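# Tertiary structure, described
Next come the chains, spelled out residue by residue.
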Amino acid sequence: MSTLKKLIAKVSLLTSAIFCSQVAIACPGVADISGFIRLNTSNDIDAETIYFCKQNGFTIDQLRISFEPSDLIAEGSHAIVMGNTAQQFPIQGSVNLIGPGPQNLDLKSLKLVTNFPSSGGEYNIQSIFNFYSRVPYIRTNRCNANFYNGNQYEMIKAYLRNNASAIFKAKNLSTNAIKSATSIPNGNDIAVIKDAEIGLKNSTIKADITFYHANPNTNGQYFTSRNKRLCWVGISSRIDLNDNAENINDAGTYAVDIGVYKP
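To keep things clear, this report deals only with the structure shown in the data block. By convention here, each chain's residues receive numbers from 1 onward along its written sequence. Restriction of local features to residues with pLDDT of at least 70 applies here, the model being predicted, together with a cutoff of 80 or more for giving and counting side-chain atom pairs; totals for whole chains, interfaces and linings are based on all residues. Excluding hydrogens and water, the side-chain values take into account all heavy atoms of the structure.

### Examining the overall build of the protein chain
The following threshold applies: In this description a helix means any DSSP run of H or I spanning at least four residues, a strand means any run of E spanning at least two, and both kinds are numbered starting from the N terminus. Relative accessibility thresholds used throughout: buried, under 20% of the residue-type maximum; exposed, over 50%; partly exposed, between the two (1.4 Å probe, protein chains only). Note on contacts: a residue pair qualifies if any of its non-hydrogen atoms lie within 4.5 Å across the two residues. Only the protein chains shown count as cover for residues, with accessible areas throughout obtained via the Shrake-Rupley method and a probe of 1.4 Å.
For the protein chain, the helix and strand inventory stands at 3 helices and 15 strands. Counting the 263 residues in the protein chain, one finds 42% classified as buried. In the protein chain, of all internal contacts separated by at least 6 residues, the share reaching a separation of at least 24 is 69%. Only carbon and sulfur atoms are counted for the fraction: they give 47% of the accessible area of the protein chain, which is about 13200 Å².

Right, dumping it as C-alpha cells:
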C-alpha cells in the first residue's frame, strides 16, 4: 500500500444484500469546482486540469446483484420429500445426495453480465465516478472545440486510459492484494480489472470489472456558471462474472471493493 497514491473514492459492489451510500447526490450536476479533487495539476488550469467527483445517492435496489436458485443449479430449488438425504463428499462439480432425493444437480457456470449500478443516477446516467475539465465559456459549447487544448471529452478519456493502472483498482479479498486496471484503447470502454474477486468468508468468485463512458453522447454534457463551463465525462462500471457456482461455499452477501486513486 505504501506505493499507492491516495485513495479518493471507494465503492463496494454487493451481490445479494445492502449497499451503504450517502443520500445526497453531490455530482455530476455541478457548476463550479468547489470540493472537486484535482488529478493532474496542483492548481486550476483551464482546459488542462482534470477534476474528480463521486456520485452518491443510488438506492439499495440499484446497487444490488441477486442470484436466483436457477442461476446456481439446474431448475433451481429442489425439495426432498421423504427420508434422510445427505451430501457425503465435498461439493466439486455437482451435488451428490445419498438417499432419496432429486438427481442431476450439476452446478452451473456463473455467466452474468450486468451494469453496476443497474439504474438511477442524476439525469438517469449511472456515473459513479465523474471527471471534468473547465474551459472559458463565451456563447458557444467549447468542450468539443478544436482550441483550448482540443476536444475536452477526448482529453479526459485519454488521460484516464493513459493512467488506468494508477486510477482504477480493486482489492482481492483472499490476499488483500490490490489489482490494477488495464487500459481499453477504443470505444466507450475505458479500462478493465480482470479477475477481481467477489468474496465472503471462504468463498471467492471471479469477475471482470469494466469501467465505461456512461454519457458518450457529448451533446449537452457540460455545466455552465457565468463565464466558465465544466465538461463532463461520467464513468460507470459493468460486472462480468466468469466463475463456477462450485466456488460458492457460503451463503450471504458477496462483495468486492473498487476504488479510484489519485495518480
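Having put the structure on the table, let's press on.
### What to know about the pairing of strand 12 (residues 203-213)
Keep this limit in mind: Only strands that DSSP links by at least two bridges are regarded as paired with each other.
Strand 12 sits mainly inside the fold: 9 of its 11 residues count as buried. Taken together, the 9 bridges between strand 11 (residues 189-200) and strand 12 define a ladder with antiparallel strand orientation. Paired with Ile-198 across the two strands is Ile-205, which belongs to strand 12.

### Observations regarding helix 2 (residues 152-162)
The condition that has to hold: Polar contact is the term for a pair of N or O atoms within 3.5 Å; when the atoms are in protein, one must be able to donate a hydrogen and the other to accept it, and sequence-neighboring residues count only if both atoms are side-chain atoms.
In terms of burial, helix 2 is largely enclosed, as 8 of its 11 residues are buried. All buried positions along helix 2 are accounted for by Gln-152, Tyr-153, Met-155, Ile-156, Lys-157, Tyr-159, Leu-160 and Arg-161. For helix 2, the N-terminal capping position is held by Asn-151, with its side-chain oxygen 2.9 Å away from the main-chain nitrogen of Tyr-153.

### Regarding the state of the cysteines
In plain terms, the rule: A pair of sulfur atoms, both from cysteines and within 2.5 Å, is called a disulfide here.
Tallied over the full model, the rule gives 2 disulfides. Two residues, Cys-27 and Cys-53, share a disulfide whose sulfurs are 2.4 Å apart. Residues Cys-27 and Cys-53 are joined by a disulfide whose S-S torsion is about -105 degrees; by sign, that bridge is left-handed. With Cys-27 in the loop between strand 1 (7-14) and strand 2 (37-38) and Cys-53 in strand 3 (residues 51-54), this pair connects stretches of sequence that are 26 residues apart. Note on accessibility: Cys-27 and Cys-53 belong to one class, buried. Between Cys-143 and Cys-231 runs a disulfide, and the two sulfur atoms are separated by 2.1 Å. Looking down the S-S bond of the Cys-143 and Cys-231 bridge, the torsion is -90 degrees, so its handedness is left-handed. Of the two residues, Cys-143 sits in the loop between strand 7 (129-136) and helix 2 while Cys-231 sits in strand 14 (residues 228-244), which places them 88 residues apart along the sequence. For the protein chain, the bonded cysteines connect in the pattern 1-2, 3-4 when numbered consecutively along the sequence.

### Observations regarding the pairing of strand 3
Within a regular beta strand, the side chains point alternately toward one face of the sheet and then the other, so they alternate between its two faces. Across 2 bridges, the pairing between strand 2 and strand 3 is antiparallel. What sits directly across from Arg-38, in strand 3, is Tyr-51. Across 4 bridges, the pairing between strand 3 and strand 7 is antiparallel. Note on strand 7: the bridge partner recorded for Cys-53 is Asn-130.

### Here's the deal with the pattern of salt bridges
Worth spelling out the cut-off: Basic side-chain nitrogens of Lys or Arg form a salt bridge, by our definition, when they fall within 4 Å of a carboxyl oxygen of Asp or Glu.
Enumeration according to the criterion identifies 6 salt bridges in this entry. The shortest N-O distance in the salt bridge between Arg-238 and Asp-189 comes to 2.9 Å. In this pair, Arg-238 is assigned in strand 14 and Asp-189 in strand 11, connecting sequence segments 49 residues apart. Judged by relative accessible area, Asp-189 falls into the partly exposed class, the value being 22%. Taking the shortest distance from any N to any O, the salt bridge between Lys-194 and Asp-208 comes out at 3.5 Å. Remark: Asp-208 occurs in strand 12 and Lys-194 occurs in strand 11; sequence separation between them is 14 residues. Of the residues examined, Lys-194 reaches a relative accessible area of 48% and is grouped as partly exposed. One salt-bridge network, held together by shared partners, links Asp-46, Arg-134 and Lys-228.

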